[in-house]
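Tertiary structure, described
Below, each chain spelled out in residue letters.
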Amino acid sequence: MSHPPFLIVGQGLAGSLVALSLLDRGAAVTVVDDGAADAPSRVTPGLATPIAGPRLTFPPSGAETAAGSWRRYRSLERRFGQRLLQSHDILHMAGGREELRQFQKRSLDPTFSHWLGRQFSPGDHDGVLADPWGGFEIRGGQVNVPALLGHAAELLREADALHPGVVATDELQPDADGVTWQGQRYREVIFCDGPAGSTNPWLAGVGLQRVPGEVLTVRPAQPIPSHIYHGRAGYLAPQPGQHGVFRLGATYGTPDTPAAPTEAGRQALLTQLPRLLSRPPRMEVIDHRAGTRPATPQRCPVLGRIPGRPAAVLNGLGARAMLQAPYLAERLVEHLLDDAPLPEGCLAPARPE
Ligand SMILES: Cc1cc2nc3c(=O)[nH]c(=O)nc-3n(C[C@H](O)[C@H](O)[C@H](O)COP(=O)(O)OP(=O)(O)OC[C@H]3O[C@@H](n4cnc5c(N)ncnc54)[C@H](O)[C@@H]3O)c2cc1C
C-alpha cells in the first residue's frame, strides 16, 4: 500500500535536505514554504567550519557529522552537476597561545587532524593577515546555498511537490494514521520552519531561540587573495560565483530580538576588518542583510519525532547549519522510515501540551 506524502514545512536548508533525502528513499513529499526573503538560508554566506570555537570542537552530533555532510554535498553535486560545497583551507587567525596549544593537541588526534591543515607564523601570508599570534588552517568550505535551494526547488516543482503558502498549526488535524491539512492526507508533518519554530506550539518546550545577525557584501577597492579569513572577530569569505566580492560577517544580537540591518551592525562589521587583514583596503558595501539563526541555549540541534503527534522536526541548526544539516537530514529520514537511532548530541522535541 502506498503511503500519503510527508508534509514538510519550510524549504530552507533543513527542509530542502530532508525533502531530498526522502525522495532518494522513494517517499513522497509535499513542501510548503512562505518564501520569507529574510529566512537565514537566504542570508547566510554558507561557511562550513568542521572544527570551531576556542576549544576547537566538532558540533554536538560529533565528528561523523562533518564527514557525513561532506559526503552528502558531494553526492548532490553529482546529481545536480554543480559544485555546491567549495573546499577551502580556512585561514584561522589564533586568538592567543592557548588556542595554538589546543591546535597542536588536536593535530595529534586523527579524528581532528583530518580537518586541520598547517600552522602558520605571524606574517607568513605575505603580511596580508592580521595575525599577531599566527594561526592555522581549518579544512572547511563554503556552501553555495542559493544553488542548493534552487536545485531542490526545481526538482520539487517538477514533481508538483513545492507549494507557496503558510502551514498554520491550528489547521493541522492529527489522528492515529497521520495528519490532514487543507483537506489532504499526509503521513507525518516535518517541521523545518527555522526561526518561526520558536513560536510553533507543536515545538513548545524545545526552547528554540531566535539569534539575529547581520552580514555585509563588500567589494575591496584593491584585490585581496580569495581565501576565507577567519578569526575570533568574524570572517571575510568570497561570495560564490562573484569574483572580487566578499561577505563580511557576522554579528550576534541578543536572542529573541528582531533582526534588521542597522548602522551599528554595519559599523561593528567594518571595524572588525583590521582584526582580519593587516592593511584592509577600503570596502564598498554593496549589500547589507539581516536574518535570524534558529538556535537553542545548549547550541544543539533539535531532531526527531514529536511525542504524541504524527510529526517530526529538524531545527535549531544555529551558526553551524552547513555542517550539520545534510547529515542530520539523512539521519532523520532513516529514523522515520527505518526506525534507526538518532545521533547523539541532539535535543529531542518535548511532548506538546
Ligand atoms: C547573518 C547570518 C549568518 C549566518 N552564517 C552562517 C554560516 O556562515 N554558516 C552556517 O552554517 N550557518 C550560518 N547561519 C545560520 C544558518 O543560516 C541557519 O541556521 C540555517 O539557514 C537555518 O536553516 P533552516 O532551514 O532551519 O531555516 P530557514 O532558513 O528559516 O528555513 C525555514 C523556511 O521555512 C519557512 N517557514 C517557516 N514557517 C513556515 C510556515 N508555517 N509555513 C510555511 N513556511 C514556513 C521560512 O520562511 C523559511 O523559508 C547564519 C545566519 C545568519 C542570520
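Residues numbered from 1 in each chain as written. Predicted model: local features only at pLDDT ≥ 70, side-chain atom pairs only at ≥ 80, totals over all residues. Heavy atoms only, no water.

1. Observations concerning the overall build of the protein chain
If you tally the helices and strands in the protein chain, you get 7 helices and 18 strands. Here the protein chain has a C-alpha radius of gyration of 21 Å; the compact-globule value for 353 residues is 20 Å, and the two agree. The dimensions of the protein chain, computed from C-alpha atoms along their principal axes, are 65 × 45 × 40 Å. The 353 residues of the protein chain split such that 54% are buried. If you take every contact in the protein chain between residues at least 6 apart in sequence, the share linking residues at least 24 apart comes to 72%. If you sum the accessible surface of the protein chain, you get close to 15,600 Å²; carbon and sulfur atoms cover 50% of it. Looking at the protein chain, you have 34 positive and 34 negative side-chain charges, and the mean spots of the two groups are 6 Å apart. (Helix = DSSP H or I, 4+ residues; strand = E, 2+ residues; numbered from the N terminus. Rg over C-alpha atoms; globule rule 2.2 N^0.38 Å. Buried < 20%, exposed > 50% of the residue type's maximum accessible area, 1.4 Å probe, protein only. Contact = heavy atoms within 4.5 Å. Areas by Shrake-Rupley, 256 points an atom, 1.4 Å probe, with all protein chains shown as cover. Lys, Arg positive; Asp, Glu negative; His and termini not counted. Charge placed at Lys NZ, Arg CZ, Asp CG, Glu CD.)

2. Some thoughts on the packing of aromatic side chains
Per the counting criterion, the structure on display carries 4 aromatic pairs. With centroids separated by 4.4 Å and ring planes inclined at 15 degrees, the aromatic side chains of Phe103 and Phe136 adopt a geometry described as stacked. Linking Phe103 in helix α3 (residues 97-107) with Phe136 in strand β6 (residues 135-143), this pair joins segments that are 33 residues apart in sequence. When sorted by exposure, Phe103 lands in the same class as Phe136, which is buried. Note on Phe191 and Trp202: the rings are 5.7 Å apart at their centroids and 70 degrees apart in plane angle, and the pair reads as edge-to-face. Of this pair, Phe191 sits in strand β11 (residues 189-191) while Trp202 sits in the loop between β11 and β12 (209-220); the two residues are 11 residues apart in sequence, bridging distant segments of the chain. Comparing Phe191 with Trp202 shows no difference in burial state: the two are buried. (Phe/Tyr/Trp six-rings, centres within 6.5 Å; stacked < 30°, edge-to-face > 60°.)

3. Focus on the packing of helix α2 (residues 63-80) against helix α5 (residues 145-158)
Packing of α2 against α5 leaves a shortest axis separation of 12 Å and a crossing angle of 55 degrees. Here α5 runs oblique to α2, going by the angle between their axes. The interaxial crossing formed by α2 with α5 has left-handed handedness. Note on element contacts: α5 touches α2 through Leu148, His151, Ala152 and Leu155, opposite Tyr73, Leu76, Arg79 and Phe80. Broken down by class, the residue content of the contact of α2 with α5 amounts to 6 nonpolar, 1 polar and 1 charged. (Axes fitted to C-alpha atoms, helices over the stretch in contact; angles between N-to-C directions. Parallel < 35°, antiparallel > 145°, perpendicular 65-115°, else oblique. Left-handed = near helix turned anticlockwise from the far one by under 90°. Nonpolar A, V, L, I, M, F, W, Y, C, P; charged D, E, K, R; others polar.)

4. As for the sheet that holds strand β7 (residues 162-164)
Pairing is mixed across the open sheet formed by 6 strands, whose spatial order is β7-β2-β1-β11-β18-β17. Both outer strands of the open sheet, β7 and β17 (302-305), are each paired with one neighbouring strand and no more. This sheet shows a mean twist of 20 degrees between the axes of neighbouring strands, independent of strand direction. Here helix α1 (residues 13-24) sits on the sheet and contacts β1 (6-9), β2 (29-33), β11 and β18 (311-315); the angle it forms with β1, its principal contact strand, is near 160 degrees. Its contacts with the sheet place helix α7 (residues 321-338) against β1, β11, β17 and β18, and it is angled at close to 170 degrees to β18. (Pairing = 2+ DSSP bridges.)

5. Quick look at the packing of α1 against α7
Contact geometry for α1 and α7: axes closest at 9 Å, N-to-C directions at 40 degrees. It follows that α1 is oblique to α7 by the angle criterion. The hand of the α1/α7 crossing is right-handed. Taking contact as the criterion, the partners of Leu13, Leu17, Val18, Ser21 and Leu22 in α1 are, on α7, Ala321, Met322, Ala325, Pro326, Ala329, Glu330, Leu332, Val333 and Leu337.

6. Side note on the site of the ligand
Surrounding the ligand, one finds 38 residues, the nearest of these being Asp33, Asp34, Ser41, Gly318 and Ala321. Taken by itself the ligand offers 1,000 Å² of open surface, and the protein chains cover 96% of this. At the level of secondary structure, the elements contributing two or more residues to the shell around the ligand comprise α1, β2, β16 (283-295) and α7. Per-element tally for the shell around the ligand: the top contributor is β16, with 4 residues. (Near = heavy atom within 4 Å.)

7. Here's the deal with the side chain of Thr217
Note that Thr217 resides in strand β12. Not counting chain neighbours up to four residues away, the residues in contact with Thr217 comprise Val245, Phe246, Arg247, Glu284, Val285, Ile286 and Asp287.

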